[in-house]
Amino acid sequence: MQEPIVVLCKDRSMAWLICRLLRWRQVYSLSLPFDTPPETLLGLNPKGIIVSAPLDEPGAMDGLDSRVLDSGLPVLALGGMASALCIRGGGQVSPVIYSSTPIPLTLSEHPLFQGMDLGGSVLPVLAPMHPAEGMLPIAAAGEDTIGCMLAERPVYALQYPIERNDPDAAQILTNFAYEVCKCRADWNEDIMIEQAVRIIREGVPADGQVLCAISGGVDSAVCAKLASIALGDRLSCIFVDTGLFRQGEVQAVVDEAQESLGLSVSCVDARDTFLKTLADIDGAEAKENTASRLMRRTLTDHLRRHPELCGLVMGTNYSDVLYNDADADQLDLKVTILEPIRHLFKDEVRRLATALGLPETVANRQSFPSSGLALRIYGKVTEKRLNLLRAADSCFLDEIHEARLDKKLWQYFATLIQSPDAPGRYTICLRAIQASQGQGLAARLPFDLMERVTARILAEIPDISRVVYDLSPSQRYGMPE
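Anyway, here's the lowdown on the structure attached to this text. It should be emphasised that the depicted structure is a prediction, and the values quoted were computed from it without experimental measurement. (Residues numbered from 1 in each chain as written. Predicted model: local features only at pLDDT ≥ 70, side-chain atom pairs only at ≥ 80, totals over all residues. Heavy atoms only, no water.)

1. What about the pairing of strand E13 (residues 155–158)?
The side chains of a regular strand alternate, first on one face of the sheet and then on the other.
Piece 1. Because side chains alternate across E13, one face comprises the buried residues Val155 and Ala157, and the other comprises Tyr156 and Leu158, equally buried.
Piece 2. Pairing between strand E12 (residues 144–150) and E13: 3 bridges, direction antiparallel. Bridge pairing in E13 links Gly147 to Leu158.
Piece 3. As consecutive antiparallel partners, E12 and E13 are separated by 4 residues. (Buried < 20%, exposed > 50% of the residue type's maximum accessible area, 1.4 Å probe, protein only. Helix = DSSP H or I, 4+ residues; strand = E, 2+ residues; numbered from the N terminus. Pairing = 2+ DSSP bridges.)

Below, the structure is given as structure tokens:
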């Protein structure tokens, strides 16, 4: 059983970042709710605990059971939790200072700071700490203490910010895991596969028949492959054609599952149901909720018709868990829900796909919303609009692939908008996003590529009157993929 570093953060994005930074260094980590009872936390047999809250947040420790800090395990308190820990130990903390100038750091010779660059660093926010007796200063920014530790226990309070592209921040987390908590570098693809297969096998009777729903994405493909390894011919797969997929994607998904993954797949035609139900739905959230509800109903109907099935494999990943997007607990039948990649981030799932021998077209497939192309139509969904969007999206994807830009982009797709100046005709809005400094920014595509895409769309799709490019930053990139 893995012995994790447990992360308790008030900020979910920070919890995600800390967990991923540790896992990239082969340290298994888990994010739990801030108010997790000590009994639950200690039941995971953790090697250490990281607690974090924004530095300028009042009442940073509110909701945290103090027994977590007194468990005897190594603790690293970051941001506002560092200040709270200092005060809890009898010290004082000055008001928050906001700065934009480089401040020289002074770090003690301690394993927590091994391998760090001791040059100047910009600390945008700090709150000078005044530790009480029994707490030893270990880090300072200029003349101000920003880190201390308990003299008698491995409990550390540090205001150094954890940021995505800061190697020193990653080094602090790595040092805490390896040098302080004595973790092993044992989080790799072999362990992921072993754990996932065990979850599936132990979740159902030895002769139980299990269903896996394939959606076309890498998550469900990896789950299907893992379930095939675990169950053999006791596994059956289902693919629901919602009518909301990209051009040629339905046949491609079924062919890949059968030919590359070696699975037998039943294809359920639910196009009429989805299209009729979505016809009067407007708004992105309503479309997502409606598509999810229809998918649950379709799976429920299939399970009712096949009472021999005792389990359902779902492609819930760790991003879904952290952001409460999973639908597994909302099914209407009492079958065992098996979630073999529940504790894997999307990048780990992609690595697992490669390790399992899945083709690159599966391992690197773009994320696709559960409501499919319906989410990329502004306004109501009709068959005509879906067909227009499919054709335009296909032109864009073709040109991106031809220019060999597909591996450099996080996402690239087309959306459909009613043209305000041409009744009955439509505008195609192209979108390409690159990861940069922790954000999703509009990619600077070559102008000749944009000209080719525009010319093709206008020539091949008469109902399109205009093609535009969306330069606004992505609002979803800060969330885990």
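What follows continues from the structure just given.
2. As for the nonpolar core
Piece 1. Within the largest apolar cluster, 86 residues are counted, with the highest numbers of intra-cluster contacts made by Ile50, Leu76, Val222 and Leu226.
Piece 2. Here Ile50 is in contact with Ile5, Val6, Val7, Leu8, Ile18, Leu22, Leu76, Leu78, Leu173 and Phe176, once residues within four sequence places are set aside.
Piece 3. Judged by nonpolar contacts, the second largest core, of 47 residues, contains Ile400, Leu430, Leu449 and Val453. (Core = buried A, V, L, I, M, F, W, Y, C linked by side-chain atoms within 4.5 Å. Contact = heavy atoms within 4.5 Å.)

3. Considering the packing of helix H6 (residues 189–203) against helix H12 (residues 346–355)
Two quantities define a packed helix pair, namely the angle between the helix axes and the distance between the axes.
Piece 1. Taken N-terminus to C-terminus, the directions of H6 and H12 make an angle of 90°; their axes are 10 Å apart at the nearest point. Relative to H12, the element H6 is oriented roughly perpendicular. For the pair H6 and H12, the contacting residues are Glu189, Met192 and Ile193 in the first and Glu348, Arg351, Leu352 and Ala355 in the second.
Piece 2. Residues of the contact of H6 with H12, tallied by class, amount to 4 nonpolar, no polar and 3 charged. (Axes fitted to C-alpha atoms, helices over the stretch in contact; angles between N-to-C directions. Parallel < 35°, antiparallel > 145°, perpendicular 65-115°, else oblique. Nonpolar A, V, L, I, M, F, W, Y, C, P; charged D, E, K, R; others polar.)

4. Remarks on helix H4 (residues 80–88)
Piece 1. Of all 9 residues in H4, 7 are buried; the element is thus mostly enclosed.
Piece 2. Inspection of H4 places Gly80, Met81, Ala82, Ser83, Ala84, Leu85 and Cys86 among the buried residues, and these make up the whole buried set.
Piece 3. Trailing H4 by a residue or two, Gly90 shows a phi angle of about 100°, which is positive.

5. Description of the environment of His343
Piece 1. Along the chain, His343 falls in the loop between strand E18 (336–338) and H12.
Piece 2. Its relative accessible area of 34% is what places His343 among the partly exposed residues.
Piece 3. The sequence separation of His343 and Thr316 amounts to 27 residues, and the corresponding C-alpha distance is 8.5 Å.
Piece 4. The residues contacting His343, other than those within four sequence positions of it, are Arg23, Tyr28, Leu30, Tyr318 and Glu348.

6. Observations regarding the pairing of strand E4 (residues 75–79)
Piece 1. Of all the 5 residues making up E4, 5 are buried; the element is thus mostly covered by neighbouring parts of the structure.
Piece 2. As paired elements, E4 and E13 share 4 bridges and run parallel to each other. Bridged to Ala77 within E13 is Ala157.

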